[in-house]
Protein chains: 2
Amino acid sequence: MMRTTFLLLAAVCAFAQAPFGLAIHGGAGNVTAARIGPEAEKAYRAGLEKALAAGYAVLEKGGPALDAVEAAVRSMEENPLFNAGVGATLTRDGTHELDAAIMDGRTLKAGAVAGVMHVKSPIGLARLVMERTPHVMLIGEGAEAFARAQGLEPVPNAFFRTPGQWESFRKLKEREKARPTTKDTVGAVALDRHGNLASATSTGGMLDKLPGRVGDAPLIGVGTYADNRTCAVSCTGWGEFFIRTVVAYDISARMAYRGAPLEKAAAAALDAALKLGGEGGLVAMDAAGRVTQPFNTPGMFRGLRMSDGRSSVALFGNP
Amino acid sequence: MMRTTFLLLAAVCAFAQAPFGLAIHGGAGNVTAARIGPEAEKAYRAGLEKALAAGYAVLEKGGPALDAVEAAVRSMEENPLFNAGVGATLTRDGTHELDAAIMDGRTLKAGAVAGVMHVKSPIGLARLVMERTPHVMLIGEGAEAFARAQGLEPVPNAFFRTPGQWESFRKLKEREKARPTTKDTVGAVALDRHGNLASATSTGGMLDKLPGRVGDAPLIGVGTYADNRTCAVSCTGWGEFFIRTVVAYDISARMAYRGAPLEKAAAAALDAALKLGGEGGLVAMDAAGRVTQPFNTPGMFRGLRMSDGRSSVALFGNP
C-alpha cells in the first residue's frame, strides 16, 4: 500500500516536474490593440492558436520536439499574417528573401537556410539541410539548388507577397524613408515527452533590408539555439543587435556557466543585446518546462501550451 | 627619488601588463613536415611572417586592432598558399565561394559576408558591411551588388583559382570521394596600444562543399568574435561542428561567466566542439595580451608577434 502510494506519488511528481509542451512567437514590434484593431487582433490570436495546436498535436502523440517546432513554425509560414513564408516582408528591391533555422537539443544538430526566394517552407528546407547534408547552413542559389534536388517544387517569388506587406513596402518607398522598420519573425521552442528540447525560427527579415542581408533568425547561437542541458531559444527583433551579443547561446551559457535560472538568463541576455540598441524579444524553455517570453517592444505575439495546463495567447503589454 | 622610481616602476609594469600585438592562423589540418616538404614549409613560414608584419606595422604606429587584423588577413587572402581569397578551395561545382567576418571588440560592431564569388578581398568587404550598412551580414548576390555600389571592381571567379587547389578538386572528382577534406581558413586576432581587441577570419570554405554552404568563419560568435571585456577569437576547422557549439562566443562566455582564464576557456570550448566530431583549432587573445593557439590536428599554421618580444611562427605539432 505504502509502496503503491509512493510509486503513484513519484509518478505524479515526475509528471509535474517534466511537462511537455511548446511556446511560440509571431514577432515583436510596435503593435498595440489600438493600432491593429479588433479584427486583426482576432486573426492574430487565431493564427497563434493554430500554430500551438499544430505543435502540441505532435507532442501529445509522443512525437519529438523537433517535429513540434517545425509544425508550429510551418503553420505560421503558411499564415499570411506573419512575416515568414507567405506574408514575408520585402527587401529594398521589392523581393522576398527568406531565412530559417532549426536545432535539436538532444544531438546539437542544426540546419539553416538564408536568402531563399523560391522555397515554400524555409523551415522545412532548414530541416532537410540538417538531415540530408553534411552541412549546417546553405544560402541563396546553393540552397535553392539543394531544395530542387530534394524534390521541393520551386514557387515564384511573388508566392510570398501579400497586399499588406506590399502596401508597407510602397509606403516606405514613397516616403523614401531609409530606416528599416519591420522586424518580425516567427519561432517556436518545445519540450517533448522524452525530455528533448528543440527550437525553430523563420522570417522574411526586416522591411527594406538590403538584398542579401542576413539577420539573427538563421544564425545558430544567435536567433536559434537548443541544448537539452540548458534551454531552447527562438528570438525576434532587430537582428543586427542580437548577432553582436549572440543572444540565444548567451542564454544557454549563462545557465551552464553561471547557474542562472532560465528566466534570469534570458532577461540578462536580451538586456545585453538591447543595450547596444534595437528592440525585440524571445521565447525560451528549459528541460523542466519552464518558459519565459521577454520583450521590450509594445507588443510581442506569443503563445504557450503545456501538458500541465499552462496555456496562453497574448499580443501586447506587460513584457 | 622614491616617487620617480615608483612612477618608473608603474610605467614598466603597465607596459609589461599591456603589450600589444597579434596572433594569426593560416588553417589547421592534416599537415606534417614530411607531407608538405621543405620548399612548401619555407613558403608557408614566409607567408605567415608577411601577414604578421602587415598587422604588426599597423599596431606599432598606434593604429587600431581592427586595421591590424584586416591587414594580416588581407595579406593571407592575397597569398595563393592559403585557402582564402586567391588560393581558395573549390565547391562541388568547381567554383570559389568566399566567406569572411570581422569584429571590433571595443564596440561589438561586426561585419560579415558569405558566398561571394567576385570580390577580391572578402575581409575588406566584411569591413565595409560593418561600417557602411545598418547590417552585420550580407550574402551572395546582395553582397556582390553592395560591393559594386561601393566601387569595388569585380573579379572573375577564376581570379581565385590556383593550380594546387584545382588539382585537389580534380583528384577528388576522379576518386568520386564525397567526404569533404580541406578545412583551412585564415584568421587574426589583435590587441592595440589602446587596449582594444579585434578579430578577423576569411576562407574559401571546405573542399567539395555544396554551393551555398556557409561554415563557421563568417558567423559572428562561431568562427569570429571579439569583446574587449573578454577576448578576440578566430577559428579554423570543420565548421559544422564549430557552429553547433558556438565556439568563439563560448570562449568569451566561459571567461565572463565562469572566470576562466583565456587558455582554459579556449581549450574547453574547442574540446566541446571536437567532442561532436571534426577537427580544427583557433587563435585567441585577451586584453592583457595573453595568447592561446590550440588545435587537435597534426598541424596548424600559426604565428604570433607581441610588443613584449614574444614572437613565433610554427606549422606543426605540439598543440
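## A few points about the environment of Ala-273 of chain B
Residues and elements named next belong to chain B.
Next up, step 1: Position of Ala-273 relative to the elements: it lies in helix 9 (residues 262-276).
Next up, step 2: Given the relative accessible area of 0%, Ala-273 is considered buried.
Next up, step 3: Linking Ala-273 and Met-137, residues 136 residues apart in sequence, is a C-alpha distance of 24 Å.
Next up, step 4: If we skip the residues at most four places from it in the chain, Ala-273 touches Phe-241, Phe-242, Thr-245 and Val-247.

## Examining the relation of the copies chain A and chain B
Next up, step 1: Of the two same-sequence chains, chain A is brought onto chain B (RMSD 0.0 Å, axial shift 0.0 Å) by a rotation of 180°. Here the symmetry operator amounts to a two-fold rotation axis.
Next up, step 2: Looking at the interface residues of chain A, 100% of them are also at the interface in chain B, so both copies use one shared face.

## Remarks on the packing of aromatic side chains
Next up, step 1: Within the structure shown, the criterion is met by 15 aromatic pairs over all chains.
Next up, step 2: Aromatic pair Trp-166 of chain A and Phe-169 of chain A: ring centres 5.2 Å apart, planes at 40°, arrangement tilted. In this pair, Trp-166 of chain A and Phe-169 of chain A are both assigned in helix 6 (residues 163-175), 3 residues apart and thus about one turn of the helix distant.
Next up, step 3: Look at Tyr-249 of chain A and Tyr-249 of chain B: their rings are 6.5 Å apart centre to centre, the planes differ by 85°, and that puts the pair in the edge-to-face class. Of this pair, Tyr-249 of chain A sits in helix 8 (residues 247-258) while Tyr-249 of chain B is found in helix 8 (residues 247-258), placing the two residues in two different chains.
Next up, step 4: Here the guanidinium or amino end of Arg-305 of chain B rests over the ring plane of Tyr-56 of chain B, the centre of that ring lying 4.3 Å away.

## A look at empty space enclosed by the protein
To find leftover empty space, one rolls a probe the size of a water molecule over the atoms.
Next up, step 1: Scanning all chains against the criterion turns up 3 cavities of 30 Å³ or more.
Next up, step 2: Here the largest cavity defines a volume of roughly 70 Å³.
Next up, step 3: Lining of the largest cavity is provided by 14 residues; of these, Thr-185, Thr-203, Gly-205, Arg-213 and Asp-216 of chain A occupy positions nearest its centre.
Next up, step 4: The class makeup of the residues in the lining of the largest cavity is 3 nonpolar, 6 polar and 5 charged.
Next up, step 5: In this structure, the second largest cavity spans a volume of roughly 60 Å³.
Next up, step 6: Surrounding the second largest cavity, 12 residues form its lining, Thr-185, Thr-203, Gly-205, Arg-213 and Asp-216 of chain B being those nearest its centre.
Next up, step 7: Of the residues that constitute the lining of the second largest cavity, the class distribution is 2 nonpolar, 5 polar and 5 charged.

## Concerning the sheet that holds strand 4 (residues 137-139) of chain A
Next up, step 1: Pairing within the open sheet is mixed, and its 9 strands lie in the order 13(A)-12(A)-1(A)-5(A)-6(A)-2(A)-3(A)-4(A)-7(B). The open sheet has two free edges, formed respectively by strand 13 (311-316) of chain A together with strand 7 (213-214) of chain B, since each of these has just one partner strand.
Next up, step 2: Pairing of strand 2 (residues 98-104) of chain A with strand 6 (residues 197-203) of chain A involves 6 bridges; the strand directions are antiparallel. Of the residues in strand 6 of chain A, the one forming a bridge with Met-103 of chain A is Ser-199 of chain A.

## Side note on the interface of chain A and chain B
Next up, step 1: Contacts between the two partners involve 41 residues from chain A and, on the opposite side, 41 residues from chain B.
Next up, step 2: When chain A packs against chain B, the two sides together hide about 3300 Å² of surface, and 68% of this comes from carbon and sulfur.
Next up, step 3: Linking chain A with chain B are 0 salt bridges.
Next up, step 4: Across the chain A-chain B interface, the total number found is 20 residue pairs in polar contact (both at pLDDT 80 or more).
Next up, step 5: Taken together, the elements giving at least two residues each to the side of chain A that touches chain B come down to strand 3 (110-116), strand 4, helix 5 (140-149), strand 7 (213-214), helix 7 (239-245) and helix 8 of chain A.
Next up, step 6: Tallying contributions element by element places helix 8 of chain A first for the side of chain A that touches chain B, with 7 residues.

## Observations concerning helix 2 (residues 33-60) of chain B
Residues and elements named next belong to chain B.
Next up, step 1: Here helix 2 contains 28 residues, and its C-alpha end-to-end distance of 33 Å is more than 12% below the 40 Å for a straight helix at 1.5 Å per residue.
Next up, step 2: Largest kink in helix 2: about 75°, centred on Glu-39.
Next up, step 3: Those residues of helix 2 lying buried are Ile-36, Gly-37, Glu-41, Tyr-44, Gly-47, Leu-48, Ala-51, Leu-52, Gly-55, Tyr-56, Val-58 and Leu-59.
Next up, step 4: Residues of helix 2 that are buried make contact with strand 1 (21-29), helix 3 (65-78), strand 5 (186-191), strand 12 (299-306) and strand 13 (311-316).
Next up, step 5: Immediately downstream of helix 2, the backbone of Gly-62 shows phi near 90°, a positive value.

## Observations concerning helix 4 (residues 122-132) of chain A
Next up, step 1: Here helix 4 of chain A lies mainly inside the structure; 9 of its 11 residues are buried.
Next up, step 2: Looking at the buried residues of helix 4 of chain A, the elements they touch are helix 3 (65-78), strand 2, strand 3, strand 4, helix 5 and strand 6 of chain A.

## Side note on the side chain of Thr-91 of chain A
Residue and element names in this part refer to chain A.
Next up, step 1: Along the polypeptide, Thr-91 turns up in the loop between helix 3 and strand 2.
Next up, step 2: Classification of Thr-91 as buried rests on a relative accessible area of 0%.
Next up, step 3: Side chain to side chain, Thr-91 and Thr-95 meet in a polar contact 2.8 Å long.
Next up, step 4: In contact with Thr-91, other than residues within four places in its own chain, are Glu-97, Phe-169, Asp-208, Lys-209 and Pro-211.

## What to know about the packing of helix 4 of chain A against helix 5 of chain A
All names here are of chain A.
Next up, step 1: At a minimum axis separation of 11 Å, helix 4 and helix 5 run at an interaxial angle of 80°. Here helix 4 is positioned roughly perpendicular relative to helix 5, judged by the angle of their axes. Where helix 4 abuts helix 5, its residues Leu-125, Leu-128, Val-129 and Arg-132 lie against Ala-143, Phe-146 and Ala-147.
Next up, step 2: Counted by class, the contact of helix 4 with helix 5 contains 6 nonpolar, no polar and 1 charged residues.

## Things to note about the side chain of Asp-250 of chain A
Next up, step 1: In this structure, Asp-250 of chain A sits in helix 8.
Next up, step 2: Within the local environment of Asp-250 of chain A, its side chain forms a polar contact with the side chain of Tyr-249 of chain B, the two groups lying 2.7 Å apart.

## Notes on the state of the cysteines
All names here are of chain A.
Next up, step 1: Taken as a whole, this structure holds 0 disulfides over all chains when the rule is applied.
Next up, step 2: Lacking any disulfide linkage, Cys-231 is separated from the closest cysteine sulfur, that of Cys-235, by 9.9 Å.
Next up, step 3: Since its relative accessible area comes to 1%, Cys-231 is described here as buried.
Next up, step 4: Owing to a relative accessible area of 0%, Cys-235 belongs among the buried residues under this scheme.

## Section: the pattern of salt bridges
Residues and elements named next belong to chain A.
Next up, step 1: This structure, assessed with the given rule, holds 28 salt bridges over all chains.
Next up, step 2: The partner of Glu-167 in a salt bridge is Arg-170, with the nearest N and O atoms 2.8 Å apart. You can see Glu-167 and its partner Arg-170 sitting in helix 6, 3 residues apart, about one turn around the helix.
Next up, step 3: The shortest N-O distance in the salt bridge between Arg-170 and Glu-174 comes to 2.5 Å. With a gap of 4 residues between them, Arg-170 and Glu-174 both fall in helix 6, about one helical turn apart.
Next up, step 4: The class for Arg-170 is partly exposed, based on a relative accessible area of 32%.
Next up, step 5: For Glu-174, a relative accessible area of 58% gives the class exposed.
Next up, step 6: Here the salt bridges do not stand alone but share partners, grouping Asp-67, Glu-70, Arg-74, Arg-127 and Glu-131 into one network.

## Overview of the sheet that holds strand 9 (residues 231-237) of chain A
Residues and elements named next belong to chain A.
Next up, step 1: Spatially, the 4 strands line up as an open sheet ordered 8-9-10-11, and their pairing is antiparallel. At either end of the open sheet lies a strand with only one pairing partner, and these are strand 8 (224-226) and strand 11 (291-292).
Next up, step 2: The pairing of strand 10 (residues 280-286) with strand 11 spans 2 bridges and is classified as antiparallel. Paired with Met-285 across the strands is Val-291, a residue of strand 11.

What counts as what
Residues numbered from 1 in each chain as written. Chains lettered and ligands numbered in written order. Predicted model: local features only at pLDDT ≥ 70, side-chain atom pairs only at ≥ 80, totals over all residues. Heavy atoms only, no water. Helix = DSSP H or I, 4+ residues; strand = E, 2+ residues; numbered from the N terminus. Buried < 20%, exposed > 50% of the residue type's maximum accessible area, 1.4 Å probe, protein only. Contact = heavy atoms within 4.5 Å. Least-squares fit on C-alpha atoms with pLDDT ≥ 70 in both. Phe/Tyr/Trp six-rings, centres within 6.5 Å; stacked < 30°, edge-to-face > 60°. Lys NZ or Arg CZ within 6 Å of the ring centre and 35° of its normal. 1 Å grid on protein atoms, 1.4 Å probe; cavity = no way out; pocket = protein on both sides within 12 Å on 5 of 7 lines; lining within 4 Å. Points joined across faces, edges and corners; volume = space filled by probe spheres on them. Nonpolar A, V, L, I, M, F, W, Y, C, P; charged D, E, K, R; others polar. Pairing = 2+ DSSP bridges. Buried area = accessible area lost by both parts, 1.4 Å probe. Salt bridge = Lys/Arg side-chain N within 4 Å of Asp/Glu carboxyl O. Polar contact = N/O pair within 3.5 Å; in protein donor to acceptor, adjacent residues only side chain to side chain. Expected span 1.5 Å × (residues − 1). Bend = angle between axes of the 7 residues up to and from the residue. Axes fitted to C-alpha atoms, helices over the stretch in contact; angles between N-to-C directions. Parallel < 35°, antiparallel > 145°, perpendicular 65-115°, else oblique. Disulfide = S-S within 2.5 Å.

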